[in-house]
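Structure at a glance
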Amino acid sequence: MRRLWPEPAGELSDGELFAAYPRAEEPLLRVNMITSLDGAATLEGRSGSLGGPADQDLMKRLRMQADVVVVGAGTIRVEGYGATLLDEQAQAWRVAYGLTPHPRFAVVTRGGDVPERFFADPPARPIVITYASAPHAYPDAAEVIDCGDSSVDPAVMVAELAARGLSQILCEGGPHLLGSLVAADLVDELCLTVSPTLAGPGSVRIVAGPPSAPHRMTPAHVLTDGTHLFLRHTR
């Protein structure tokens, strides 16, 4: 992968690529999403269809530096997530840098419908983020966190995760979860992959939900693998 902006442009070493997406010293809510050139969040119903090898590699690197990966239940169902997010080599990297072998994996659900594979042989105790009046039928191995009475309050979610020492949060969507985080002004960093694809009409954007106030962010860099663009914006 090479840097297009800022200077100096050119090929990035493995260490420089990690440095381009650093683990923060302070609490951080980082979002990783992908979009087509015409603003679609999915292609043929899946965001993964817009990506490529470099996009998958970047996603792994972001997970390697996170304390917890947060994903909406709908995205887990559609994208086919399993309980294990990192291979053995990536887990060994985390241990070498003083982290737990595997980040916690948290699903945000409103209706209680979480795929069974989310709970299947997890490398770290899974977390279900829901609210008090929602269904609560989950395996005993899961940690259930109520973050509101009748809906998930994203600010409470972030505070509850931080109280458990999970202050480096990586959110991978989907659009409704990201929309709630944007509305609450909780997004510290957006890592956005731009696919060289015109998806055409019909797909949702990377954010969904009721209208909310706009929030400006500052561009940090633009990288490319020769096909996709990798944008990083911060507060």
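Definitions and cut-offs
- Residues numbered from 1 in each chain as written.
- Predicted model: local features only at pLDDT ≥ 70, side-chain atom pairs only at ≥ 80, totals over all residues.
- Heavy atoms only, no water.
- Pairing = 2+ DSSP bridges.
- Helix = DSSP H or I, 4+ residues; strand = E, 2+ residues; numbered from the N terminus.
- Buried < 20%, exposed > 50% of the residue type's maximum accessible area, 1.4 Å probe, protein only.
- 1 Å grid on protein atoms, 1.4 Å probe; cavity = no way out; pocket = protein on both sides within 12 Å on 5 of 7 lines; lining within 4 Å.
- Points joined across faces, edges and corners; volume = space filled by probe spheres on them.
- Core = buried A, V, L, I, M, F, W, Y, C linked by side-chain atoms within 4.5 Å.
- Polar contact = N/O pair within 3.5 Å; in protein donor to acceptor, adjacent residues only side chain to side chain.
- Contact = heavy atoms within 4.5 Å.

1. What about the sheet that holds strand β7 (residues 143-146)?
Note on sheets: strands pair through backbone hydrogen bonds, and any given pair is parallel or antiparallel. Pairing within the open sheet is mixed, and its eleven strands lie in the order β2-β1-β10-β11-β9-β3-β8-β4-β5-β6-β7. Taken across any chain shown, the strands that pair with only one partner, and hence form the sheet edges, are β2 (10-11) and β7. Two strands pair when backbone bridges link them, and strand β6 (residues 127-130) and β7 are joined in this way by four bridges, in the parallel orientation. The residue of β7 that forms the bridge with Val 128 is Val 144.

2. Considering unusual backbone geometry
Excluding glycine, a negative phi dihedral is what most residues carry, and trans is how most peptide bonds are arranged. Cis geometry marks the peptide bond from Trp 5 to Pro 6; its omega dihedral reads 0°. Residue position: Pro 6 is located in the loop between β1 (2-5) and β2. Put simply, Gly 173 and Gly 174 share a cis peptide bond, and its omega is 10°. Looking at the secondary structure, you find Gly 174 in the loop between β8 (168-171) and α6 (175-183). A positive phi angle, close to 55°, is found at Asp 185, a residue other than glycine. Here Asp 185 lies in the loop between α6 and β9 (189-194). Overall, Asp 185 belongs to the partly exposed group, its relative accessible area being 35%.

3. Considering the layout of surface pockets
Approximately 1100 Å³ is the volume attributed to the largest pocket. Taken together, 46 residues form the lining of the largest pocket, with Gly 72, Thr 75, Gly 173, Gly 174 and Pro 175 sitting closest to its centre. Elements supplying a minimum of two residues to the lining of the largest pocket: β3 (28-35), α2 (53-64), α3 (73-79), α5 (154-163) and α6. As for the second largest pocket, its lining consists of 23 residues, and the residues nearest its centre are Val 182, Leu 190, Arg 205, Val 207 and His 215. Going through the elements one at a time, α6, β9 and β11 (229-234) are the ones with two or more residues in the lining of the second largest pocket. Considering each element in turn, the lining of the second largest pocket owes the most residues, three residues, to α6.

4. Digging into the nonpolar core
The biggest cluster of nonpolar side chains holds 28 residues, and the ones touching the most others in it are Val 31, Val 70, Ile 129, Met 157, Leu 161 and Leu 181. Membership of the second largest hydrophobic core comes to 26 residues, among which are Ala 20, Leu 62, Ala 73 and Phe 105.

5. Considerations on the side chain of Thr 130
Relative to the helices and strands, Thr 130 is located in strand β6. Relative accessible area serves as the criterion here: at 0%, Thr 130 is assigned to the buried category. Polar side-chain contacts of Thr 130 include one of 3.3 Å to the backbone oxygen of Thr 109. Excluding residues that lie within four positions of it along the chain, Thr 130 makes contacts with Thr 109, His 136, Val 144, Ile 145, Asp 146, Cys 147, Gly 148 and Val 152.

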